[in-house]
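# Structural characterization, general
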Amino acid sequence: MITIIEANSKKLLNDYVKFPFSLYKNHPYWVPPLISDELETFNKEENPAFDNAEAYFYLAYKENKIIGRIAAIINWEEVNNQQKRKVRFGWWDVIDDIEVTKALLEKVYELGRKNNLEYVEGPMGFSNLDKVGVLTEGFDRLGSMITWYNYPYYKDHLEQLGYVREKEYFESVFSFSNVNPDTFMKASELIQKRYELKTITFTNTKDILPYVDKMFDLFNTSYEKLASFVAVSERQKAYFKKKYIPFVNPEYILFVMDKNDKMVAFSIVMPGFSEALQKANGRLFPFGFYHLLQAKKHSKEVLFYLIGIDPEYQNKGVTALIFREYYRVFKEKGITQCNRTPELEENNAIHNLWKNFNSVVDRRRRTYRIDL
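Presented here is a report on the structure given in the accompanying data block. (Residues numbered from 1 in each chain as written. Predicted model: local features only at pLDDT ≥ 70, side-chain atom pairs only at ≥ 80, totals over all residues. Heavy atoms only, no water.)

### Describing the overall build of the protein chain
Helix and strand counts for the protein chain come out as 13 helices and 14 strands. Its C-alpha radius of gyration of 21 Å places the protein chain within 12% of the 21 Å reference for a compact globule of 372 residues. Projected onto its principal axes, the C-alpha positions of the protein chain cover 70 × 45 × 35 Å. In the protein chain, which comprises 372 residues, the proportion classed as buried is 55%. In the protein chain, the share of contacts with a sequence separation of at least 24, taken over all contacts with a separation of at least 6, comes to 77%. Within the protein chain, the 50 negative side-chain charges are centred at a point lying 4 Å from the centre of the 52 positive side-chain charges. (Helix = DSSP H or I, 4+ residues; strand = E, 2+ residues; numbered from the N terminus. Rg over C-alpha atoms; globule rule 2.2 N^0.38 Å. Buried < 20%, exposed > 50% of the residue type's maximum accessible area, 1.4 Å probe, protein only. Contact = heavy atoms within 4.5 Å. Lys, Arg positive; Asp, Glu negative; His and termini not counted. Charge placed at Lys NZ, Arg CZ, Asp CG, Glu CD.)

### Here's the deal with the layout of surface pockets
Considered as a void within the structure, the largest pocket measures approximately 460 Å³ in volume. Those elements that provide at least two residues to the lining of the largest pocket are helix H10 (274-280), helix H11 (288-298), strand S11 (301-309), strand S12 (337-340) and strand S14 (360-371). When the residues that make up the lining of the largest pocket are grouped by side-chain class, the tally is eight nonpolar, nine polar and seven charged. (1 Å grid on protein atoms, 1.4 Å probe; cavity = no way out; pocket = protein on both sides within 12 Å on 5 of 7 lines; lining within 4 Å. Points joined across faces, edges and corners; volume = space filled by probe spheres on them. Nonpolar A, V, L, I, M, F, W, Y, C, P; charged D, E, K, R; others polar.)

### As for H11
Regarding H11, the residues found buried are Gly 288, Leu 292 and Ala 295. Within H11, the buried residues cover an arc of 60 degrees as seen down the axis, which keeps them to one side. Looking at the buried positions of H11, the neighbouring elements they touch are strand S10 (263-271) and H10. (Arc of directions from axis to C-beta.)

### Thoughts on empty space enclosed by the protein
This structure, assessed with the given rule, holds seven cavities of 30 Å³ or more. What the largest cavity holds in volume is close to 880 Å³. In terms of lining, the largest cavity is formed by 42 residues, of which the most central are Asn 128, Leu 129, Asp 130, Ile 146 and Tyr 305. At the level of secondary structure, the elements contributing two or more residues to the lining of the largest cavity comprise helix H2 (35-41), strand S4 (86-94), helix H8 (212-223), helix H9 (234-244), S11, strand S13 (343-344) and helix H13 (348-353). Taken together, the residues of the lining of the largest cavity break down into 27 nonpolar, eight polar and seven charged. In this structure, the second largest cavity spans a volume of roughly 110 Å³. Lining the second largest cavity we find Pro 20, Tyr 24, Trp 30, Val 31, Pro 33, Glu 38, Arg 69, Asp 93, Lys 131, Thr 147, Trp 148 and Tyr 149. When grouped by side-chain class, the residues that make up the lining of the second largest cavity number seven nonpolar, one polar and four charged.

### What to know about the pairing of strand S3 (residues 65-75)
Burial within S3 is extensive, with 10 of its 11 residues counted as buried. Here strand S2 (residues 53-62) runs beside S3; their pairing, made up of 10 bridges, is antiparallel. The residue of S3 that forms the bridge with Ala 60 is Gly 68. In this structure, the hairpin formed by S2 and S3 is closed by a connection of two residues, where Glu 63 is found at a positive phi of approximately 50 degrees. Summarising the sheet, S3 and S4 pair through five bridges and their orientation is antiparallel. The residue bridging Gly 68 from the neighbouring strand is Val 94, located in S4. (Pairing = 2+ DSSP bridges.)

### Observations concerning H9
Within the sequence span of H9, burial applies to Gln 236, Lys 237, Tyr 239, Phe 240, Lys 243 and Tyr 244. Buried residues in H9 make contact with H2, H8 and S11.

### Side note on the packing of aromatic side chains
The full count for this structure, using the stated rule, is 44 aromatic pairs. A centroid spacing of 6.3 Å and a plane angle of 35 degrees characterise the contact between Phe 174 and Phe 304, whose relative ring orientation is tilted. Of the two residues, Phe 174 sits in strand S7 (residues 164-175) while Phe 304 sits in strand S11, which places them 130 residues apart along the sequence. On the basis of relative accessibility, which here comes to 4%, the residue Phe 174 falls in the buried class. Both rings, one in Phe 216 and one in Phe 219, keep their centres 6.5 Å apart while their planes meet at 90 degrees; by these two values the pair is edge-to-face. Of this pair, Phe 216 and Phe 219 both sit in helix H8, three residues apart, which is roughly one turn of the helix. With a relative accessible area of 6%, Phe 216 lands in the buried category. Within the aromatic cluster, the residues linked to one another by ring pairs are Phe 174, Phe 176, Phe 184, Tyr 252, Phe 304, Phe 323, Tyr 326, Tyr 327, Phe 330, Trp 354 and Phe 357. (Phe/Tyr/Trp six-rings, centres within 6.5 Å; stacked < 30°, edge-to-face > 60°.)

### Section: a nonpolar patch on the surface
Together, Phe 285, Phe 289 and Leu 293 make up a nonpolar patch on the protein surface, roughly 330 Å² of accessible area in all. Judged by its relative accessible area of 32%, Leu 293 falls in the partly exposed class. (Patch = residues over 30% accessible without salt bridge, like charges linked within 9 Å, V, L, I, M, F, W, Y side chains within 5 Å. Areas by Shrake-Rupley, 256 points an atom, 1.4 Å probe, with all protein chains shown as cover. Salt bridge = Lys/Arg side-chain N within 4 Å of Asp/Glu carboxyl O.)

### Here we look at the environment of Glu 77
Tracing the chain through its elements places Glu 77 in helix H3 (residues 76-81). Considering only alpha carbons, one finds Glu 77 and Leu 306, 229 residues apart in sequence, at a separation of 22 Å. For Glu 77, the residues in contact, after removing those within four places along its chain, are Asn 52, Gln 82 and Val 230. A distance of 2.9 Å separates the side chain of Glu 77 from the side chain of Asn 81, its partner in a polar contact. (Polar contact = N/O pair within 3.5 Å; in protein donor to acceptor, adjacent residues only side chain to side chain.)

Structural measurements only, silent on function.
So this is what it looks like as structure tokens:
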């Protein structure tokens, strides 16, 4: 007998966040989130995503034991302004029992039907800066702090229940030692002179903060044409500024400005936190903070988190300036491996950036859809 209960109290939300820790206990490739970070994400008072979205969190039980979880989400900005009559599901974890998946998804269908929505898509979060997709290839690769890991049967459950592929993403990796700087060093000088551009780099986090709102404005402009995009609001800018910027080495954030000091490109790279998060096992104290700090200072891997380019400059080689600066920084820090975050299959502008880097696709993931 499967029982579904809404996680609508502090204790139940704690249980909701901690369920994957038992499901993936001692798993070599699962990267635990920070428990406090997850709880803040689900807090309607803290997370500005709830300004334009509603979400309900459910736990599945059998014989008083938790055997699954799911979030049912409506992003009203997407429904009302983009006319995408979609209910989302996310933060979905489950034992290998399709009946449990079926029972959890029924709660998503209920929310969709109640609001006269037309289809379901997931797994995905509230917005584009949340995690996305079921892992379909690369189960033997260590995950990252910005992706979900899952067992292979997740995909099987959805497909057996009639879901079809909606969006495809892939993640790639390349060795820093194989990067040939000639491909961007000469080009960067020419492009910088031709368009009268300059790069702004940092050594102190506080110096970055005055630029962050402009960066998110450019993020909205540069990604708005993608099918899945929902713009970042003013409150979300402040929230993400507090949540993500302190995690990043200031040397890993850079901006490209034109002669009028208008931002035309930005890039954020994150240190490789995966192994540190495994050691922390969800907790900052007593030792989690130390492991993360050590990774921030000494990790030999980096993760290309976000690159945004003004549409006016997207085919003008501006990324040569970005790669030139990162090449210098990565060489100083002894970086050995560069990872790319999930990139939408249709985002050709991003794929073209990497054509000279000998990247290898090492993980694939997708969202699935079913009509209501």
